[in-house]
Structure formats: C-alpha cells, structure tokens
Amino acid sequence: METNDYDSGRPLAEQVAQRLKDYILEKDLKAGDRLPTETTLARQMGVARSTVREAIKRLESQHILVVRHGAGSFVADHPGMTDDPLGLDFVQDKERLAFDLLEVRIIIEPAIAELAAQHATPKDIAELESLYNTMERHIMNGEDYLAEDMKFHQTIARASGNLVAPKLTPIITAAVEIFTEGTHRALLQETLDTHKGVLEAIKARDSIWARDAMLMHLIYNRDMYRKMHRARTGEPSLTPRVPDWVLKLDNLRPPEEQA
C-alpha cells in the first residue's frame, strides 16, 4: 500500500477505506483471508490507528470486511453484496413485488441464458446438471428444492461470462423465493420441465434455444401466478374450465346442427 499524501478535501477514513479495497484487489485476497493488524495498517498508511478502525467499520457496513473481535478483520463472502441489497424485504405489497420481479427477470434472464449457452465451461455445465438432478430428486421425494432452484439460476448467471450478471442474482433469487412461496410450490412438474429445457439448451450450446427456454419458463410462471392471484382474490377465471369428461373423449363430437 502506498502512503501518498491524502486529499484534504475528503474524509481521511473514506480515503483509507478505498486504499484498503485497493489492497484487497492488489493482493487478490479471497473470502476468509485476514488483513494485517490495525497497528500494521496504520503504520503502512501513515495514519492513526483510530482512522484505520473507522475505515474498517465503513467496509464492514458495506459487507466487504467481517470483524471478529480478538481475531482481526477478514474479507467477507461475496464482498460488497448484502443479503438484501435492493431493500426488497421492506416492500409491503408482496403480490405486486412478485409480479414486478418476474417482469424484471423476463427482461434480463433470457439474455443471460443465451450468453451461458455460448460461454459455459464444462465445469459450469456439470454443476448445472448436478443441481438439476438434486432438484429432481427432492421434488420426486416430496422434499424442499428451493435452495437448488436458486443456485441453478445463480450458476447460469456466472456461466454467462458477464461480470455484471452474477451481481444481479439477488434480484433473481429473491424472485424465485417469493414466487415459490406464493404458489405454495404447486408448479412442481413445470419446474422440472422448464429447468430441464434450459439445461439441455445450454448443454447443446444453442443460444437461441436457451433464450427461448428461459423466456418460456418465466412467462409460464407469470401467467400461472396471475391465475392463482385471481383465485385467491375471488376474481373469476378469464376462461371457462374444460369439463373432465370432455378431456377424456377419444374424439371430439361434431357440433350439433342448428335448426
């Protein structure tokens, strides 16, 4: 770390915090790696220990560092990303939030899947297959599959090769969680069918298929959620239900001739 003169027009702790971020990048520190002691950092940066402590608190609030009292300061998991960076936990209208999250996913996720079909590594594809197989096993055994569902979409974002796409996963995972809870996990067969379609498209390196498969998955989810919303609120269905006896017919009867 360099100890160049500091800008007198900016808070000193803010500048030290930036230098600590630069240090993490320069040293290629990973999650769980320990920083030097406050005393060592203060000496290297030419500032008081109290300034270093304030800078570390800033980085802790930004979820870049984790402070363990008596042990030191460590690089956080997924530095800079909080559990709820968009403040979605404080949106009261969960029904509206579910629809709006799906709308955003429809805008961005098909393109991410398209990129994943082009750039996914064999390791990415193996991880997607493993996640799908685990999800399938859980569903067939009547077990919770939400964790694998969210990781499946996170892996696609990472496999896209785009640096920004993985940073969007809080939107995706929040949408998956809210949607799954809102539908009471009622769309189990659809979950298997559409996730398998996305997986096969990425494996085949077919970017158009991957984009369309993801789009179909999201549009189906949106339409089913809308139908469930209408049922929950007592609104009539937009279309009549076809009677079961009609569905069981081998052949549809010709219409009766009008007199």
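Residues numbered from 1 in each chain as written. Predicted model: local features only at pLDDT ≥ 70, side-chain atom pairs only at ≥ 80, totals over all residues. Heavy atoms only, no water.

Trainee: Give me the pattern of salt bridges: which residues, what numbers.
Mentor: Counted according to the given criterion, the structure contains 16 salt bridges. Here Arg96 ties to Asp100 by a salt bridge, and the two come within 2.8 Å at their closest N and O atoms. On the criterion of helical spacing, the pair formed by Arg96 and Asp100 is a turn pair, its members being four residues apart in helix H4 (residues 94-119). Since its relative accessible area comes to 29%, Asp100 is described here as partly exposed. Residue Asp223 pairs with Arg226 through a salt bridge whose shortest N-O separation is 3.4 Å. (Salt bridge = Lys/Arg side-chain N within 4 Å of Asp/Glu carboxyl O. Helix = DSSP H or I, 4+ residues; strand = E, 2+ residues; numbered from the N terminus. Buried < 20%, exposed > 50% of the residue type's maximum accessible area, 1.4 Å probe, protein only.)

Trainee: Residue-level account of the packing of helix H2 (residues 38-45) against helix H3 (residues 49-61), with values.
Mentor: One can describe the packing of H2 onto H3 by two numbers: an axis separation of 8 Å at closest approach and a directional angle of 110°. In terms of axis orientation, H2 runs roughly perpendicular to H3. Across from Glu38, Thr39, Leu41 and Ala42 in H2, the residues of H3 making contact are Arg49, Val52, Arg53 and Ile56. Within the contact of H2 with H3, the residues separate by chemical class into four nonpolar, one polar and three charged. (Axes fitted to C-alpha atoms, helices over the stretch in contact; angles between N-to-C directions. Parallel < 35°, antiparallel > 145°, perpendicular 65-115°, else oblique. Contact = heavy atoms within 4.5 Å. Nonpolar A, V, L, I, M, F, W, Y, C, P; charged D, E, K, R; others polar.)

Trainee: Go over the layout of surface pockets, please, and point to the residues and values.
Mentor: Quantified by volume, the second largest pocket comes out at close to 320 Å³. Among the elements that take part in the lining of the second largest pocket, helix H1 (residues 12-26) stands out by supplying three residues, more than any other. Of the residues contributing to the lining of the second largest pocket, the split by class is seven nonpolar, two polar and four charged. (1 Å grid on protein atoms, 1.4 Å probe; cavity = no way out; pocket = protein on both sides within 12 Å on 5 of 7 lines; lining within 4 Å. Points joined across faces, edges and corners; volume = space filled by probe spheres on them.)

Trainee: Break down the nonpolar core for me, citing the residues and quoting the values.
Mentor: In this structure, Phe152, Ile156, Val198 and Ile202 are the most contacted members of the largest nonpolar core, which totals 28 residues. Residue contacts for Ile156: discarding those within four places in its chain leaves Ile112, Ala113, Ala116, Leu128, Val198, Ile202 and Met214. Counting 16 residues, the second-largest nonpolar core is a separate cluster that includes Leu20, Met45, Ile56 and Leu65. (Core = buried A, V, L, I, M, F, W, Y, C linked by side-chain atoms within 4.5 Å.)

Trainee: Can you break down the side chain of His195 residue by residue, with the values?
Mentor: Tracing the backbone through its elements, the reader meets His195 in helix H8 (residues 188-203). In this structure His195 comes out as buried when scored by relative accessible area, which is 2%. Of note is the side chain of His195, whose polar atom sits 3.3 Å from the side chain of His153. Of note is the side chain of His195, whose polar atom sits 2.7 Å from the backbone oxygen of Thr191. Residues within four places of His195 in sequence aside, it is in contact with Tyr132, Met135, Asp149, Phe152, His153 and His217. (Polar contact = N/O pair within 3.5 Å; in protein donor to acceptor, adjacent residues only side chain to side chain.)

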